[in-house]
Amino acid sequence: MNFIDELKKYQEIINIELEKYLRKQECPEKILNESIQYSLMAGGKRLRPILVIATYKLFKEDYEQCMPFAVAIEMIHNFSLIHDDLPEVDNDDFRHGKPTNHKKFNHFTALLAGDALLNQAYIVISEKILYLIENQYNDSIKANVKAFNEFTRAIDRMIAGEYLDTQLEGKKISEEMLKYIHKNKTGELLKLCVRMGAILGGATENDIERLSKYAEKIGLAFQIKDDILSEEGDSEITGKPVGNDKEHGKTTYVSYYGLEGAKRELNKTVDEAINEIETYGEKAEFLKQIAMYIKDRNK
């Protein structure tokens, strides 16, 4: 199976799993539930839950055991996108080629839909841990609690990064601050996915640290590529306006290094990510291809 086929297979697995958590019943808050579904099932790459599964499979094959964490991270990702698009943050009108949540519904519905996804992610994970405790799966409880702790800390860092990105918009910032913002805003969730997959898979501390370095590199690559696409992407493909970062006066990797300099940084970072996991050989081929996919994507 080639990489794209395998990626699509994983995307379908995630979509089927997410469907199980949609609330479609008739109830007074039906519109809120529709708003949640609108964003959660809008499409997207499903890269974060796929990273959880792919990393887990370096160590174990029964990936169903890590699925609650994969689902939860996609809920968190969509919570962050809904809030990121709001008028007081990035004020975006389109996401995945469709109106953003607050444009489709309204401001307060979008705000609460994001809040609901954040909370639902905690429900999904806590139910898994409760199941393990009630059924006395003592060997799995520690790993699940450890992964949950990582989950909470990464979300804290993502929110801090989003705050700084918003507050420093239009201001000249140092290279160190630029890296700090995106290490937290973008990188922490991607690193979380890999670390959770490794922890739940029973990886050693050495494995977790090695994979964390890989994840830090792909997190940086993801942000650099986003900045490049914001500069020269095709809005028909990306599904969101091109040039927004420049219009908002944001310091990005493109504004700091220049377009060609940012592309060089991207290539170097992806090469470094792949080198971090060479020790796993063919077992890590899919993770290597994910790094290349991040570099070559057009949306």
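Residues numbered from 1 in each chain as written. Predicted model: local features only at pLDDT ≥ 70, side-chain atom pairs only at ≥ 80, totals over all residues. Heavy atoms only, no water.

Bringing the environment of Gly-97 into the picture now. Residue placement: Gly-97 occurs in the loop between β1 (94-95) and β2 (98-99). Note on Gly-97: relative accessible area 53%, which makes it exposed. Residues Gly-97 and Ala-42, 55 residues apart in the sequence, show an inter-C-alpha distance of 9.4 Å. (Helix = DSSP H or I, 4+ residues; strand = E, 2+ residues; numbered from the N terminus. Buried < 20%, exposed > 50% of the residue type's maximum accessible area, 1.4 Å probe, protein only.)

Turning next to the pattern of salt bridges. Following the criterion strictly, the structure yields 23 salt bridges and no others. Notably, a salt bridge pairs Glu-150 with Arg-195, separated by 2.8 Å at the nearest N-O pair. Residue Glu-150 is located in helix α7 (residues 138-167), and its partner Arg-195 is located in helix α8 (residues 175-200); the two are separated by 45 residues in the primary sequence. With a closest N to O distance of 2.8 Å, Asp-165 and Lys-185 form a salt bridge. With Asp-165 in helix α7 and Lys-185 in helix α8, this residue pair connects regions lying 20 residues apart in the sequence. Beyond isolated ion pairs, a larger network of salt bridges with shared partners links Lys-183, Glu-188, Lys-191 and Glu-216. (Salt bridge = Lys/Arg side-chain N within 4 Å of Asp/Glu carboxyl O.)

Evaluation of the coordinates by the stated rule reveals 11 aromatic pairs. Measuring from centroid to centroid gives 5.7 Å for Tyr-38 and Phe-105, while their planes differ by 80°, and the two rings are edge-to-face. Residue Tyr-38 is found in helix α2 (residues 30-40), and its partner Phe-105 is found in the loop between α5 (101-104) and α6 (107-134); the two are separated by 67 residues along the sequence. Geometrically, the ring pair formed by Tyr-131 and Tyr-137 is stacked, given 5.9 Å between the ring centres and 25° between the ring planes. Through successive ring pairs, a cluster of aromatic residues spans Phe-3, Tyr-10, Phe-286 and Tyr-293. Over the ring of Phe-222 we find Arg-48; its NZ or CZ atom is 5.2 Å from the centre of that ring. For Arg-297, the ring lying beneath its charged end belongs to Phe-222, and the centroid distance is 4.0 Å. (Phe/Tyr/Trp six-rings, centres within 6.5 Å; stacked < 30°, edge-to-face > 60°. Lys NZ or Arg CZ within 6 Å of the ring centre and 35° of its normal.)

Here we come to the nonpolar core. Within the largest apolar cluster, 82 residues are counted, with the highest numbers of intra-cluster contacts made by Leu-51, Phe-151, Tyr-214, Leu-287 and Ile-290. Top contributing element to this core by residue count: α8, with 11 residues. (Core = buried A, V, L, I, M, F, W, Y, C linked by side-chain atoms within 4.5 Å.)

What follows is about the side chain of Arg-297. Secondary-structure assignment places Arg-297 in the segment after α14 (285-296). Here Asp-226 takes part through its side chain, which lies 3.0 Å from a polar atom of the side chain of Arg-297. Engagement of the side chain of Arg-297 in a polar contact is seen with the backbone oxygen of Lys-299, the distance being 2.9 Å. Here Arg-297 is in contact with Lys-45, Phe-222, Lys-225, Asp-226 and Leu-229, once residues within four sequence places are set aside. (Polar contact = N/O pair within 3.5 Å; in protein donor to acceptor, adjacent residues only side chain to side chain. Contact = heavy atoms within 4.5 Å.)

Turning our eyes to something else, we now look at a nonpolar patch on the surface. Residues Phe-108, Leu-111 and Leu-112 make up a contiguous nonpolar surface patch of roughly 280 Å² in combined accessible area. Within the secondary structure, Phe-108 sits in helix α6. (Patch = residues over 30% accessible without salt bridge, like charges linked within 9 Å, V, L, I, M, F, W, Y side chains within 5 Å. Areas by Shrake-Rupley, 256 points an atom, 1.4 Å probe, with all protein chains shown as cover.)

Another point: the environment of Leu-130. Within the secondary structure, Leu-130 is located in helix α6. Distance from Leu-130 to Leu-259, taken between C-alpha atoms, is 49 Å for residues 129 residues apart in sequence.

This next bit is on the packing of helix α3 (residues 47-56) against helix α4 (residues 67-85). Put simply, α3 and α4 touch, their axes get as near as 8 Å, and they point 160° apart. By the criterion of interaxial angle, the relationship of α3 to α4 is roughly antiparallel. As α3 runs across α4, the sense of the crossing is right-handed. Across the interface between the two elements, Arg-48, Pro-49, Val-52 and Ile-53 from α3 touch Met-67, Ala-70, Ile-73, Glu-74 and His-77 from α4. Split into classes, the residues belonging to the contact of α3 with α4 amount to 6 nonpolar, 1 polar and 2 charged. (Axes fitted to C-alpha atoms, helices over the stretch in contact; angles between N-to-C directions. Parallel < 35°, antiparallel > 145°, perpendicular 65-115°, else oblique. Left-handed = near helix turned anticlockwise from the far one by under 90°. Nonpolar A, V, L, I, M, F, W, Y, C, P; charged D, E, K, R; others polar.)

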